[in-house]
Amino acid sequence: MHIKVGLLFSLTGTTALTEKGQCDAARLAIEEGSHGPYKIEAIIRDICSDPRKSAREAEAMAQEGVRIFIGCYTSACRKAILPVLEKFNCLLVYPTLYEGQECHPNVIYTGELPNQQVYTLLDYLTRHYGKRVYCIGTDYVYPRETNQQVQSFLRDREGAVIKEQYVPFGHQHFQEVWSDILSQEPDAIFSTLVGKSIIPFYRDQQRLGTKLKKVPIFSPITKETELEAIGAEYGAGHYSSASYFQSLPTPENLAFIRRFQQFTGEKRAISSVMYNTYLGTKMVLDTIVEARSTNHRKIYEHMSKKTFETACGTMLVDTTHRHLSRPVKIGKSLSNGQFEIVWDSERNIVPRPFHTSSRTYTPLSDVVLKAWGNMSEEAVVAISEQGTVIYVSSKAEQLTSFAHGQSVTPAMLQAMHQTFLVTPYAEERCQIYLVKPRMAPAAPSPTASRFGGIQTVHPGYQRELEIARIAAQSTANVLILGETGTGKEVMAESIHRESDRKNGPFIAVNTALLPKDLIASELFGFVDGAFTGAKKGGAIGKFEAAHNGTIFLDEIGDMPLELQVVLLRVIESKKIVRLGESRERAINVRIIAATNRNLAAEMVANQSFRPDLFYRLNVLSITIPSLMDRPEDIEHLCQELIHECFLTYGDGPQSFQKEALHALVHHPWPGNIRELRNVIERAFLLARQEKSDITPEHLPPNIRNTDSYLQQPARSSSLKSLERQVIEQALQKTKSVTEASQFLGIARSTLYRKIKSYY
Ligand SMILES: Nc1ncnc2c1ncn2[C@@H]1O[C@H](COP(=O)(O)OP(=O)(O)OP(=O)(O)O)[C@@H](O)[C@H]1O
């Protein structure tokens, strides 16, 4: 089958300097590929850097049956052909770095986006040269849009664009611009000049003397091809960023350079726009062969499931944004026209075509991180997408020796994970790590505290057990707080068993599991005919059933408001009224309530819990720490749980292999003891069948491999949840919203708004 591919490049015109090389790169990909049953014919049209000509040529080619286009260097040319792509159902491979803000269903973008290229460059610039930047660009959409992002990036880092200057396409005289730059004394220049203007701009700097030479030019555009045109001696000492540089020493790149130079018969410079064009053409042609289709939707569907091994690392098409997730490097130009790599992301940077703010945190988030860093037992480190430390708490500084502004390599991260217990929080533009020293798992020691069925060596939890002991000796209502699966019900039952009521009933009710309209009848009972469907003869409720004993109200935060009023009355009057009856019945019941939510914060946020009921229940409050916060308890819990399994099943393993226990102790256990229990029971049954001890092979892979942290999902997915935890802690530690807002260092109104957004 014959497929015509339209190559839309400027072979004349101001941007021909860059686009000729792109055209050659596309031709190489077409020539050297093996295209199965397809014969690929390249049709080349010179679009002369002219948007109207681009649209005319594209339309004419589409009428001749072209459905795949490659090229359109400037955004103006790309935008001009979009209606043609839509009209004829065509696909454009757009292989050029650009300003983003687009995700067109007929385009696949294989050039770099500002978040991949410009932010990395600016990050490097501000770290090495300063924060006052002079922007110079050609007057069209790419430079203007990009400079808005530069403005925002610098503003977020207390820097500034001291001037934005634009010149028309093809502008050649830069003396005035340079004297202006000289008078402004910037720390660096950010250039988005394209085409022929680049040559005099760089040359004039050299000519105008040594003072100017000291100001480095950072440009996403000026690469090997442009340096070749400028003259390498004029272009040394400046910076650019991209996935690809000709100087990359990978075998794939060396082979690519050889093939390219053989193909063109010239020993000429190769730059990233050329490689991105080669890559985009190859990706689309390989996909056409695989998908057996030239339909743009099918091509994208196939492409977005694949990874592509390239001369600069593995890349993949982002399934939502049609751009490439890619590694990025920063190069400093040398006097031989090549770039020395001075920074490498060493991992892919995901594409974010739509610019919001480059800022990693909102001001509140900064405060939250600081508050978290100050009050938490954990050390806190935040690392930007570009691999720079953007926040490090003082604890983290001591523990990890990371410093603010430092570049962190994957090897350094790996070392951190191996040395410490690390919980990663994936944030949109950064990773936050909560870091703790790995504690040697302590066997229950003489210092272990026991209360009912609970044993702990964790000092914080031991203090909570003291409160539980006081609760057992009193009749006060108790509120138990803790994440799901931490053992709130076990705690409630232990209080009951240790109290004078131990011979009375212990009745547990999970309000969240009851249908809303049945909670009242379940709790307070009902008489014959009280409501449609009511059981004949009526029934007593849980309160009456718990008479002279304890009622455990789990998930109390889910109780509807109207029932909270009734519960409050019951607590105050110590009497209940069955549904359908007016007679009051005296009851003697101790109430223990539990929740994994923050009732105090919910009261403030949306009044979904009555403060008077909260204070009635919260006479004594016990907080159960999550298992992640008390790893020293895990080993004895494992021993207890395996023993329990042994008693249940009558035979089976009674111990763990050392490696298995090590893996269990070092897992973060987001599901707490409930998850630990399930894992141990499963491992017990597998080992029992093999008549062996529990070994790592009996554990699920994510637990077995303690170093598999890179694959582990972050325990919490967003900074928002971290922020929420900090705010909840602040509300718990303080007596009012005003005090909490002072503690956090934010306005009271901001705190109210934040709380409202969580619930
Ligand atoms: N100290 C403990 N020793 C052994 N097993 C425990 C202990 N604490 C809790 N468990 C077990 O962990 C599981 C969860 O406990 P429990 O139901 O008390 O947690 P919870 O905090 O009330 O959970 P949820 O919030 O989901 O209601 C149960 O299987 C329980 O037997």
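Reading the values: the criteria
Residues numbered from 1 in each chain as written. Predicted model: local features only at pLDDT ≥ 70, side-chain atom pairs only at ≥ 80, totals over all residues. Helix = DSSP H or I, 4+ residues; strand = E, 2+ residues; numbered from the N terminus. Buried ≥ 20, exposed ≤ 12 C-beta atoms within 10 Å, placed from the backbone. Axes fitted to C-alpha atoms, helices over the stretch in contact; angles between N-to-C directions. Parallel < 35°, antiparallel > 145°, perpendicular 65-115°, else oblique. Left-handed = near helix turned anticlockwise from the far one by under 90°. Contact = placed C-beta atoms within 7 Å. Nonpolar A, V, L, I, M, F, W, Y, C, P; charged D, E, K, R; others polar. Core = buried A, V, L, I, M, F, W, Y, C linked by C-beta atoms within 7 Å. Pairing = 2+ DSSP bridges. Expected span 1.5 Å × (residues − 1). Arc of directions from axis to C-beta. Near = placed C-beta within 6 Å. Domains from an automatic or database assignment. pLDDT = per-residue confidence, 0-100.

> Just checking my understanding: could you explain the overall build of the protein for this structure?
Helices and strands together make up the secondary structure of the protein, namely 30 helices and 28 strands. Burial statistics for the protein: of 759 residues in total, 45% are counted as buried.

> Would you explain the packing of helix H4 (residues 114–128) against helix H5 (residues 141–156) in this entry?
Axis angle and axis distance: for two packed helices, these are the angle between their axes and the distance between the axes, and together they describe the pair. Where H4 meets H5, the closest approach of the two axes is 11 Å, and the angle between their N-to-C directions is 50°. As far as their axial angle goes, H5 and H4 are oblique. Once H4 is placed against H5, the crossing between them reads as right-handed. Seen from H4, the contacting residues are Pro114, Val118, Tyr119 and Leu122; seen from H5, they are Thr146, Gln149, Val150, Phe153 and Leu154. The residue inventory of the contact of H4 with H5, partitioned by class, reads seven nonpolar, two polar and no charged.

> How should the nonpolar core be read in this particular structure?
The tendency in soluble globular proteins is for nonpolar side chains to be buried side by side. In this structure, Ile81, Leu92 and Ile108 are the most contacted members of the largest nonpolar core, which totals 64 residues. For this core, the element with the highest residue contribution is helix H12 (residues 272–291), accounting for nine residues. With residues up to four places along the chain from it excluded, the contact list for Leu92 reads Phe69, Cys72, Ile81, Leu85, Asn106 and Val107. Ile480, Met559, Ile591 and Ala593 belong to the second largest nonpolar core, which has 41 residues in total.

> Would you take a moment to explain the sheet that holds strand S5 (residues 107–109) for this structure?
The strands making up a sheet are joined through hydrogen bonds of the backbone, oriented either antiparallel or parallel. Read across the open sheet, the five strands follow the order S2-S1-S3-S4-S5; overall the sheet is parallel. Since the sheet does not close on itself, it has two edges, and those belong to strand S2 (39–46) and S5, each with one partner. The average angle at which neighbouring strand axes cross in this sheet is 20°, direction not considered. Sheet analysis places strand S1 (residues 2–9) next to strand S3 (residues 68–71), joined by four bridges and oriented parallel. Note that in S3 the partner of Val5 across the bridge is Ile68. Where helix H2 (residues 51–63) meets the sheet, its contacts fall on S1, S2 and S3, and the angle it forms with S1 comes to roughly 175°.

> Explain the environment of Tyr109 here, please?
Take Tyr109: it is sitting in strand S5. On the basis of neighbour counts, which here come to 28 C-beta atoms within 10 Å, the residue Tyr109 falls in the buried class. Here the alpha-carbon distance between Tyr109 and Pro95, two residues 14 residues apart in the chain, equals 5.9 Å. Setting aside residues up to four positions removed in sequence, Tyr109 forms contacts with Tyr94, Arg322 and His323.

> Even after reading the chapter, I still don't get unusual backbone geometry, so can you show me in this structure?
Generally, phi is negative for residues other than glycine and the peptide bonds are trans, each holding for most cases. Backbone geometry at Cys48 places phi at a positive 55°, although glycine is not the residue there. In this structure, Cys48 sits in the loop between S2 and H2. Classification of Cys48 as partly exposed rests on a count of 19 C-beta atoms within 10 Å. Despite not being glycine, Gln101 has its phi angle at roughly 70°, a positive value. Residue classification places Gln101 among the partly exposed residues on the basis of 15 C-beta atoms within 10 Å.

> Would you mind going over helix H24 (residues 634–649) with me for this structure?
Residue pairs spaced three or four apart in an α-helix point in one direction, given the helix's 3.6 residues per turn. Taking 1.5 Å per residue, 16 residues should reach 22 Å; H24 reaches 22 Å between its end C-alpha atoms and fits that length. Here H24 has its buried residues at Ile634, Glu635, Leu637, Cys638, Leu641, Ile642 and Cys645. Taken around the axis of H24, the buried residues stretch over an arc of 155°, which confines them to a single face. Turned more than 90 degrees off the buried face of H24, the exposed positions are His643 and Leu647. Where H24 is buried, its residues contact helix H25 (658–665) and helix H26 (672–690). A positive backbone phi angle near 85° is found at Gly650, which sits one or two residues after H24.

> Explain the environment of Tyr649 to me, please; I cannot follow it from the model alone.
By the secondary structure assignment, Tyr649 is in helix H24. The sequence separation of Tyr649 and Phe684 amounts to 35 residues, and the corresponding C-alpha distance is 9.7 Å.

> Got a minute to help me understand the site of the ligand in this structure?
Lining the immediate surroundings of the ligand are 17 residues, of which Thr484, Gly487, Lys488, Glu489 and Ile673 lie closest. Elements with a minimum of two residues in the shell around the ligand: helix H18 (488–498), H24 and H26. Across the shell around the ligand, the residue classes break down as four nonpolar, seven polar and six charged. Taken domain by domain, the shell around the ligand gets at least three of its residues from each of domain 3 (459–624) and domain 4 (628–710).

> Which parts of the structure should I look at to understand the sheet that holds strand S22 (residues 478–482)?
Here we have five strands laid out as an open sheet, ordered S23-S24-S27-S22-S28, and parallel in their pairing. Two strands bound the open sheet, and with one partner strand each, they are strand S23 (506–510) and strand S28 (620–624). Recorded for the sheet is a direction-independent mean angle of 20° between the axes of neighbouring strands. Judged from the four bridges that link them, strand S24 (residues 550–554) and strand S27 (residues 590–595) form a sheet pairing that is parallel. Across the sheet, residue Leu553 finds its bridge partner in S27, namely Ala593.

> Help me understand the pairing of S27 in this model?
It is a general feature of regular strands that their side chains alternate between the two faces of the sheet. Taking burial as the measure, the six residues of S27 include six buried ones, the bulk of the element. What you see with S27 is no split at all: Arg590, Ile592 and Ala594 on one side and Ile591, Ala593 and Thr595 on the other are buried throughout.

> I keep staring at the pairing of S2 and nothing clicks. Help me out?
In terms of strand pairing, S1 meets S2 through eight bridges, oriented parallel. When the sheet's bridge partners are listed, Phe9 is paired in S2 with Asp46.

> Please explain the packing of H24 against H25 as it appears in this structure.
Viewed as axis vectors pointing N to C, H24 and H25 meet at an angle of 120°, and their least axial separation amounts to 9 Å. With respect to H25, the axis of H24 lies oblique. Relative to H25, the crossing made by H24 is right-handed. Contacts from Ile634, Glu635 and Cys638 of H24 reach H25 at Leu661, Leu664 and Val665. Across the contact of H24 with H25, the residue classes break down as five nonpolar, no polar and one charged.

> Hey, could you run me through the environment of Pro186 in this one?
By the secondary structure assignment, Pro186 is in the loop between helix H6 (175–184) and strand S8 (188–192). For Pro186, a count of 21 C-beta atoms within 10 Å corresponds to the buried category. The sequence separation of Pro186 and Ala160 amounts to 26 residues, and the corresponding C-alpha distance is 9.8 Å. If near-sequence neighbours (up to four positions away) are discounted, Pro186 is found in contact with Arg132, Val133, Tyr134, Ile162, Ile181 and Val215.

> Which parts of the structure should I look at to understand the confidence of the model for the protein?
Atom-level detail of predicted coordinates should not be read off regions where pLDDT is low. Confidence along the protein averages 87 in pLDDT terms, with 91% of residues attaining 70 or more. Residue range residues 358–363 is modelled with pLDDT below 50. Its contacts to residues more than four positions away, or to other chains, number twelve contacts. Across residues 707–717, confidence stays below pLDDT 50; counting only partners more than four residues off in sequence or on other chains, it has 15 contacts. Interface confidence in the predicted complex, given as ipTM, is 0.97; pTM for the same model is 0.55.

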